[in-house]
Each structure stands twice: as C-alpha cells, then as structure tokens.
Number of protein chains: 2
Amino acid sequence: MRIQHILPGDIERTSMSIIASELAERGAVLPPEHEAVIKRVIHTTADFDYVRSLRFTPRAVELGQAALRQGVPIITDTNMAKAGISRPSLEKLGCTLHCFMADPEIAELAKKQGLTRAAVSMEKAAQDHPVAIFAVGNAPTALLRIAELIEEGLRPALVIGVPVGFVNVSESKEILLSSCETHDVPAIAAMGRKGGSSVAAAICNALLYGATETLDPAARGWQ
Amino acid sequence: MRIQHILPGDIERTSMSIIASELAERGAVLPPEHEAVIKRVIHTTADFDYVRSLRFTPRAVELGQAALRQGVPIITDTNMAKAGISRPSLEKLGCTLHCFMADPEIAELAKKQGLTRAAVSMEKAAQDHPVAIFAVGNAPTALLRIAELIEEGLRPALVIGVPVGFVNVSESKEILLSSCETHDVPAIAAMGRKGGSSVAAAICNALLYGATETLDPAARGWQ
C-alpha cells in the first residue's frame, strides 16, 4: 500500500489539483464564478455528480459573498451543518451562525402545528433574521417553508438548497428555484436527491473563503 | 410539482421503504446483519454506491452494538460527525461522545510534531479511552494513526473508517482493514474515496438505534 507523504498544509492543495485534473479528463468546463463552490463540494463528497447537479441563479456567488462581507448571518437547518462551517472565516467577517433545530420551543411548536421542527425553525429564523443566508442540507420541509415565505415577501440574502433524501427532496429544490427566480432571490441548489449537511457547510465555506480571501489568506487554514 | 403530504413522523418510514424497493429493483441482497447500517447510510447520502463499498469485519455490527450497550464511548474525528450522532440514544445507553479536534493542546502538539490535528486527536483519544468506538469520517491521517496504534497493541471496540477525499483516503481504509483483520478488531469501512462526517454519524446512529431498540423504540425519534 503506497501512502503519499504530504505535509498537513499541502493535503488540501493536492486534493484540489487532483479534482482539477479529473474535471479536465471528464471534459468538464466550470464557469469561473461557480468553480470554487463546485470544487469544494467535490472535495467534501468525492462525488463528481455535483458538476451536473449544482444550479446557481445569476450572480448567486457574488451576491452571497457580498452579503457575507456585510456581516449577514448564516442560518442552518441542522447542528451538523453548523458544526462544519469555518469559525475563523465567520469571525473575520463579523458574521454570526444560527441553528434553531434543537430549541425546546421549536419542538413544542412543531408538535402543536403538526409540522417538522425544520420547517418551524426556518420560520423562527426568518422572523429573527429576515436578511440572512439560509443553508438547508437536510430537510425538504425547511426548504419548502422558505419558498412559501419568499412568496409571502421574505427576501433572504441567499438560499442554499441542498437537502438529501427520497421524500419531496427533488421537488423542494425545484420549487425553491422557481420562487427564487420569480422574486430575484439568489439561490444555489443541488438538484435531485443528493446533498446533505456536509454539502451545505462546504458551499458556505467556499463562499466564506472567497469573501475573506482579500482580507487574509490565513483564514482559510481552518480545515 | 407534486409534493407528497406526509406526517413528519412518517417521512423516515417512507424513505426507508423507497430505499428497500430500489434495492430490490437493483437486485441487491443485503446480509441481514448489515442491512440497517447500509440502509441508513443510503438514507443519509441518497447514494447507492455504498451497497458495494461498505465492508464489515465478521460480527462488526453485533460487537459494536454490544459495546454500546456496555456504555463504551464514541470518539469522532470532527465536531460535525459528533453533532450528527443521536443524543437521546447515547443517553439511554449511558455512552459518552468525544471529539478532541478543536482542543487548543491538539493544535499545538500537531504543529510541534508536523502531524495533522486529526492524527494527534486520535492519539489523545486512545490514551483517554482505549476501549472506544472510533468513528473517522474526515481525515485519513486519523485512520492511519489508529491502524498504527492497533499494531502497537490498541484494541478499540470498533473502528468506523469512512474518511472522504483524494489523498491517501482509499489507502487508509485498506490499511485499517488489514490491521483490524490481523488483530481481530471489529471494523466497518467504506472503501474508495467516498465517505464523510455524515456517513460516520449515520453508521453510529444505525448501531445506536439497533442497540436501543429493545430498550425503547422512542429513542429513535431523534431525527
């Protein structure tokens, strides 16, 4: 078994260059504005399907990064996605990070209303932080609730719609993109069944690294 | 767009029945002792590749669940995997959950030794909790360090080896399995490049749900 001896700091660079050369072998040409996001998702999943499945509304990356530079908060639908987002980058930009899933009041409200905790937690997030980046990596019900809130007038800074699964997941992403396109809300989504908390965190990190790049490259050293 | 109206509590059951029927369509026959783990990983990733890539040493599931019933702790290599593991199930079994990655002393030691924080954090975990379930979803260097420690005499209750990525990832899993087979250490690994913190957490949860099943089915309601 051959193990490559690579310094810890060089592992990510080597991975990214393997990804770039395999993308070239596959003849994949990534739009420059989407490249960092797509590559980071592949880095996180080792799954090249995301080249085809990731969709971006016009200027989604640019607008998401501008929002982060203004200190807009990030809301996740799981504590797992929250745990995967780069703290040093957030601190550098003055952004906060929230997940309301485990709040006891959310569980109570969800039970009372017959809704998922994820949907109710997005509702609370939208009340507390109407201009936020919503990153949904798990629950299609969270994404559907965001799409409804957009129809009712909510204007998030960006919606990252990458839930994973078999029930209403593909549909929730189609509905989200349709609402976002109609109401000019920036969105990034992974069409189909695949996604997850790791993918949601990876997209947030790609945006954060881009947004902090001009500030200080050391902020990227978090992973 | 057709959204299925399903009660929150029924979403997981419906997903699992879709997974079962698609496995049948593909002609996949899962060994009964591995079925719950494989299905939960597919549930978490929407990726049927895991039917082929997941490997189990003899009685790994049974031995892992027996360890959990004895209150053996779980160690993860990321706070993300830690965040994804079912708290109610852990509490029911009296198991603790640890990740040392973010400890300041780990960063310091790693820098001094020229190793990754992941490798050093496994070393610390092995000192503090020599009989533990080690769940590695991110860093191949963590898995390689565990394989070395097994060669030196460490006997974990179970090693879950599912790092993701492009540099030394496939190799680290082969080396782990070889060490585990030689020294009779139970192991579950996802061969190849794919894996991740979500997969590590999913495997832990499948084991936890199985281990708590006879205690109280309500412990499964966490997700």
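Residues numbered from 1 in each chain as written. Chains lettered and ligands numbered in written order. Predicted model: local features only at pLDDT ≥ 70, side-chain atom pairs only at ≥ 80, totals over all residues. Heavy atoms only, no water.

A. Fine view of the pattern of salt bridges. Within the structure shown, the criterion is met by 28 salt bridges over all chains. The salt bridge partner of Lys124 of chain A is Asp128 of chain A, with a shortest N-O separation of 2.9 Å. Taken as a pair, Lys124 of chain A and Asp128 of chain A lie in helix H8 (residues 117-128) at a separation of four residues, close to a single helical turn. For Lys124 of chain A, a relative accessible area of 18% translates into the label buried. Through salt bridges that share partners, Asp47, Asp49, Arg52 and Lys194 of chain A together with Asp47, Asp49, Arg52 and Lys194 of chain B make up one connected network. (Salt bridge = Lys/Arg side-chain N within 4 Å of Asp/Glu carboxyl O. Helix = DSSP H or I, 4+ residues; strand = E, 2+ residues; numbered from the N terminus. Buried < 20%, exposed > 50% of the residue type's maximum accessible area, 1.4 Å probe, protein only.)

B. Geometry of the interface of chain A and chain B. Contact with chain A, which involves 46 residues of that partner, is made by 46 residues of chain B. Summed over both sides, the interface of chain A with chain B buries roughly 3300 Å², with 68% coming from carbon and sulfur. Remark: the boundary between chain A and chain B carries four salt bridges. Between Asp47 of chain B and Lys194 of chain A there is a salt bridge; the shortest N-O distance is 3.8 Å. At the surface where chain A touches chain B, the tally comes to five residue pairs in polar contact (both at pLDDT 80 or more). At the level of elements, helix H1 (8-25), helix H2 (32-45), helix H5 (79-83), helix H9 (140-151), helix H10 (169-182) and helix H11 (197-213) of chain A are the ones that each hand at least two residues to the side of chain A that touches chain B. Top contributing element to the side of chain A that touches chain B by residue count: H1 of chain A, with seven residues. For the side of chain A that touches chain B, the residue count by class is 21 nonpolar, 17 polar and eight charged. (Contact = heavy atoms within 4.5 Å. Buried area = accessible area lost by both parts, 1.4 Å probe. Polar contact = N/O pair within 3.5 Å; in protein donor to acceptor, adjacent residues only side chain to side chain. Nonpolar A, V, L, I, M, F, W, Y, C, P; charged D, E, K, R; others polar.)

C. A look at the pairing of strand E5 (residues 158-161) of chain B. Residues and elements named next belong to chain B. Of the two faces of E5, the one carrying Leu158 and Ile160 and the one carrying Val159 and Gly161 are both buried. Examined bridge by bridge, strand E4 (residues 133-136) and E5 share four bridges and lie parallel to one another. Opposite Ile133, over in E5, you have Leu158 as the bridge partner. As for the winding sense of the linkage, the β-α-β connection from E4 through helix H9 (residues 140-151) to E5 is right-handed. Assessed by its sense of winding, the connection that carries the chain from E5 through helix H10 (residues 169-182) to strand E6 (residues 187-190) is right-handed. (Pairing = 2+ DSSP bridges. Right-handed = clockwise from strand over helix to strand, strands pointing away.)

D. Molecular detail of the pairing of strand E4 (residues 133-136) of chain A. All names here are of chain A. On E4, burial covers both faces: Ile133 and Ala135 on one face and Phe134 and Val136 on the other are all buried. With three bridges joining them, strand E2 (residues 74-76) and E4 adopt parallel strand pairing. Bridging from a neighbouring strand, Ile74 pairs with Ile133 of E4.

E. Looking closely at the side chain of Ser172 of chain A. Structurally, Ser172 of chain A can be placed in helix H10. Of note is the side chain of Ser172 of chain A, whose polar atom sits 2.8 Å from the backbone oxygen of Val169 of chain A.

F. Spotlight on the relation of the copies chain A and chain B. For these two chains of identical sequence, chain A goes onto chain B by a turn of 180° and a shift of 0.0 Å along the axis, with RMSD 0.0 Å. One copy is carried onto the other by what is essentially a two-fold rotation axis. Of the C-alpha atoms belonging to chain A, the one lying closest to the rotation axis is found on Met80 of chain A, 2.5 Å away. A shared interface surface links the copies, since 100% of the contact residues of chain A are contact residues in chain B too. (Least-squares fit on C-alpha atoms with pLDDT ≥ 70 in both.)

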